[in-house]
Structures are given as structure tokens and as C-alpha cells.
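# Observations on chain architecture
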Amino acid sequence: MSTWIRDAWIEPVKLTRLSDIRRKELRQAAFAVLQREGIAGATLEKVASQAGASKGIVLHYFRNKQELFEHAMREANVVLRDAVIARLRRARTPMERLDAVIEGNFEPHLFQPPLCHAWLSLCAEVPRDENLARIQKVIHARMRSNLLSGLRGLAPPREAEDIALGVSALIDGLWLRLALRPGSVSREQAIRQVKDHVAARLVFREALPGDGAAVASGRRSGEVHTVR
């Protein structure tokens with residue numbers, strides 16, 4: 001099982017019932033198989049083998065393969081959510097909040113080819129699976145909300161929305177790139193690409209008549225990055 005799954009999921013949470021423990025183990029095993037096989041190659045038999053259980057045990061806790069992988073996607077998403085939240089709690093300025101969201105989406109233990117490949121496999125099923133579509137909608141809504149919590153202090157509402165959309169699309173695209181071409185982009189490169197996009201948009205605002213005062217003030221206080 002991947003190190004990030006072991007470290008992130010084996011928390012000091014009291015799972016008092018054996019069924020809770022078993023379901024968690026199966027979700028972990030399912031995501032480990034997704035990383036290795038993709039959704040097309042992932043089977044209940046492989047998940048059972050990964051978990052050291054029988055296919056019957058898997059079906060006792062989950063009705064079918066689709067339900068199991070939906071739960072695996074939800075729990076993996078919780079790991080990413082918590083990484084971003086931890087950074088947001090330390091942020092004190094709008095730009096620090098924005099940086100927290102960007103950097104949290106590229107945590108070293110998360111932005112890895114196998115994990116990106118697993119997400120790609122699940123996202124490919126979104127158009128055909130209503131439950132996965134709902135999960136993806138929640139993920140994008142939370143991303144938007146987190147980004148706007150910083151951007152609203154740096155740009156007018158309409159432009160903040162537009163920048164948030166661009167950042168979200170870039171993050172999705174960089175995860176896709178690493179999934180398709182392992183080694184093609186590093187964490188540092190990914191973060192730089194997204195931050196440079198934000199900086200360029202904010203600097204562009206400064207050049208527009210009547211829009212520059214707030215951004216210029218932010219730059220003097222160190223809240224706006226310059227383009228590298």
C-alpha cells in the first residue's frame with residue numbers, strides 16, 4: 001500500500017466497531033488498486049487480495065465495485081481536503097490563503113503519479129456515474145470557495161471568480177499531466193505555474209485605469225507575488 005495512504009489514513013481515530021475498521025481497510029485497498037491498475041483493471045478480486053480478504057467479504061460491506069470505488073474516492077478526497085485546511089489555518093492574509101490552497105493541492109505525498117492516475121481513472125467515469133459526478137461537483141465547489149476566500153481580498157468579485165476558475169482548471173490540468181506523463185512536472189513547477197498565472201492576472205489589474213489602487217496597496221504590503 002502507498003506510504004501516503006498509510007500515513008494519512010491510519011489516524012488516532014477510534015473506530016469502535018470491527019465493521020468500521022474493515023470498511024476503512026477495504027477503501028484503502030480499493031484506492032491502492034486504483035493507483036496500480038486504473039479503474040478498468042481494478043476488480044473486486046484484486047481489492048480483496050490487496051486487503052487480505054475474500055471477494056465475499058468485500059461484497060458484504062459494499063454492494064458492488066462502483067460503490068466501493070465511490071467510497072474510496074470520497075475518503076481520498078478527505079485527505080486532500082485536510083491538507084488544504086491545515087495550511088489555511090496558518091494563513092493570515094488573503095495572499096497567504098490563496099497560497100495555502102494552491103500549495104495544499106500539490107502536497108508532496110499527494111502529487112504523485114500513481115495517485116494522479118487513480119484520480120484520472122475515477123474522473124473518467126464521472127460522465128457515466130451520477131454519484132461520482134456529485135463527488136466531483138463537491139470537490140470543485142470547495143475549491144472555488146477556498147480560492148475565493150483569498151481572492152476576494154485581492155480583486156473585485158467578478159474577476160475573483162474568473163481567476164478562481166483559471167486556477168482550478170490549471171490544478172486539474174497539472175494533475176492530469178502527471179497522471180499521463182509521470183515525471184513530466186514536479187511539485188515545484190506545478191506550484192510556480194499556478195502562482196505565476198495568479199500574479200499575471202493581478203498585475204494586469206494594476207495596469208487597468210481605476211483598478212490599480214487596491215492591488216498596488218497589496219503589493220506594498222507583500223501580498224501580491226511578482227511574476228517570476
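Placed above this text is the structure.
Everything in this summary refers to the structure shown in the same document. All values derive from a computational prediction rather than experimental measurement.

## A word on the overall build of the protein
A count of helical and extended segments in the protein gives 11 helices and 0 strands. In sequence order, the secondary structure elements of the protein are arranged as α-α-α-α-α-α-α-α-α-α-α. Taking all 228 residues of the protein together, the buried fraction comes to 46%. Restricting to contacts in the protein with at least 6 residues of sequence separation, those with at least 24 account for 67%. Looking at the protein as shown, the accessible area adds up to about 11,700 Å², and 53% of this sits on carbon and sulfur atoms.

## Considering the packing of helix H5 (residues 65-88) against helix H6 (residues 94-104)
Axis angle and axis distance: for two packed helices, these are the angle between their axes and the distance between the axes, and together they describe the pair. Two elements in contact, H5 and H6, have axes whose closest approach is 8 Å; the angle formed by their N-to-C orientations is 150°. When the axes of H5 and H6 are compared, the pair comes out roughly antiparallel. Classified by chirality, the crossing of H6 by H5 is right-handed. On H6, the residues touching Leu80, Ala83, Val84, Arg87 and Leu88 of H5 are Arg97, Ala100, Val101, Glu103 and Gly104. Tallied by class, the residues present in the contact of H5 with H6 amount to 6 nonpolar, 1 polar and 3 charged.

## A word on helix H8 (residues 130-151)
Its 22 residues place the ends of H8 31 Å apart at the C-alpha level, agreeing with the 32 Å of an ideal helix rising 1.5 Å per residue. Buried within H8 are the following residues: Leu132, Ile135, Gln136, Ile139, Met143, Asn146, Leu147, Leu148, Gly150 and Leu151. In this structure, the buried side of H8 is in contact with H5, H6, helix H7 (113-123) and helix H9 (157-180). At the N-terminal end of H8, a side-chain oxygen is found 2.9 Å from the backbone nitrogen of Asn131, two or three residues along, and the residue is Asp129.

## With respect to the side chain of Ser168
Among the structural elements, Ser168 can be located in helix H9. In contact with Ser168, other than residues within four places in its own chain, are His140, Met143 and Leu147.

## Quick word on the environment of Gln35
Residue placement: Gln35 occurs in helix H2 (residues 18-41). Residue classification places Gln35 among the buried residues on the basis of a relative accessible area of 7%. Sequence spacing of Gln35 and Ala118 is 83 residues, and the spatial spacing of their C-alpha atoms is 4.5 Å.

## Description of the packing of aromatic side chains
For the structure shown, the criterion picks out 3 aromatic pairs. Centroid distance Phe31 to Trp119: 6.3 Å. Interplanar angle 65°. Geometry classified as edge-to-face. Taken as a pair, Phe31 in helix H2 and Trp119 in helix H7 lie far apart in primary sequence, 88 residues in all. Owing to a relative accessible area of 9%, Trp119 belongs among the buried residues under this scheme. Every member of this aromatic cluster is reached through a ring pair, and the members are Phe106, Phe111 and Trp175. Across the ring face of Phe62, the terminal group of Arg23 is positioned such that the distance to the ring centre comes to 4.5 Å.

## Digging into the pattern of salt bridges
The full count for this structure, using the stated rule, is 15 salt bridges. One salt bridge in this structure joins Arg87 and Glu103, with 3.0 Å as the shortest N-O distance. With Arg87 in helix H5 and Glu103 in helix H6, this residue pair connects regions lying 16 residues apart in the sequence. The burial state of Arg87 is the same as that of Glu103; both residues are buried. Here Glu159 ties to Arg201 by a salt bridge, and the two come within 3.9 Å at their closest N and O atoms. Of this pair, Glu159 sits in helix H9 while Arg201 sits in helix H10 (residues 187-207); the two residues are 42 residues apart in sequence, bridging distant segments of the chain. In this structure Arg201 comes out as partly exposed when scored by relative accessible area, which is 21%. When salt bridges that share partners are traced, they join Arg87, Asp99, Glu103, Glu107 and Lys195 into one network.

## Topic: the side chain of Asn77
Note on placement: Asn77 falls in helix H5. Within the local environment of Asn77, its side chain forms a polar contact with the side chain of Arg142, the two groups lying 2.9 Å apart. In contact with Asn77, not counting residues within four places along its chain, are Trp119, Ile139 and Arg142.

Scoring rules and cut-offs
Residues numbered from 1 in each chain as written. Predicted model: local features only at pLDDT ≥ 70, side-chain atom pairs only at ≥ 80, totals over all residues. Heavy atoms only, no water. Helix = DSSP H or I, 4+ residues; strand = E, 2+ residues; numbered from the N terminus. Buried < 20%, exposed > 50% of the residue type's maximum accessible area, 1.4 Å probe, protein only. Contact = heavy atoms within 4.5 Å. Areas by Shrake-Rupley, 256 points an atom, 1.4 Å probe, with all protein chains shown as cover. Axes fitted to C-alpha atoms, helices over the stretch in contact; angles between N-to-C directions. Parallel < 35°, antiparallel > 145°, perpendicular 65-115°, else oblique. Left-handed = near helix turned anticlockwise from the far one by under 90°. Nonpolar A, V, L, I, M, F, W, Y, C, P; charged D, E, K, R; others polar. Expected span 1.5 Å × (residues − 1). Polar contact = N/O pair within 3.5 Å; in protein donor to acceptor, adjacent residues only side chain to side chain. Phe/Tyr/Trp six-rings, centres within 6.5 Å; stacked < 30°, edge-to-face > 60°. Lys NZ or Arg CZ within 6 Å of the ring centre and 35° of its normal. Salt bridge = Lys/Arg side-chain N within 4 Å of Asp/Glu carboxyl O.

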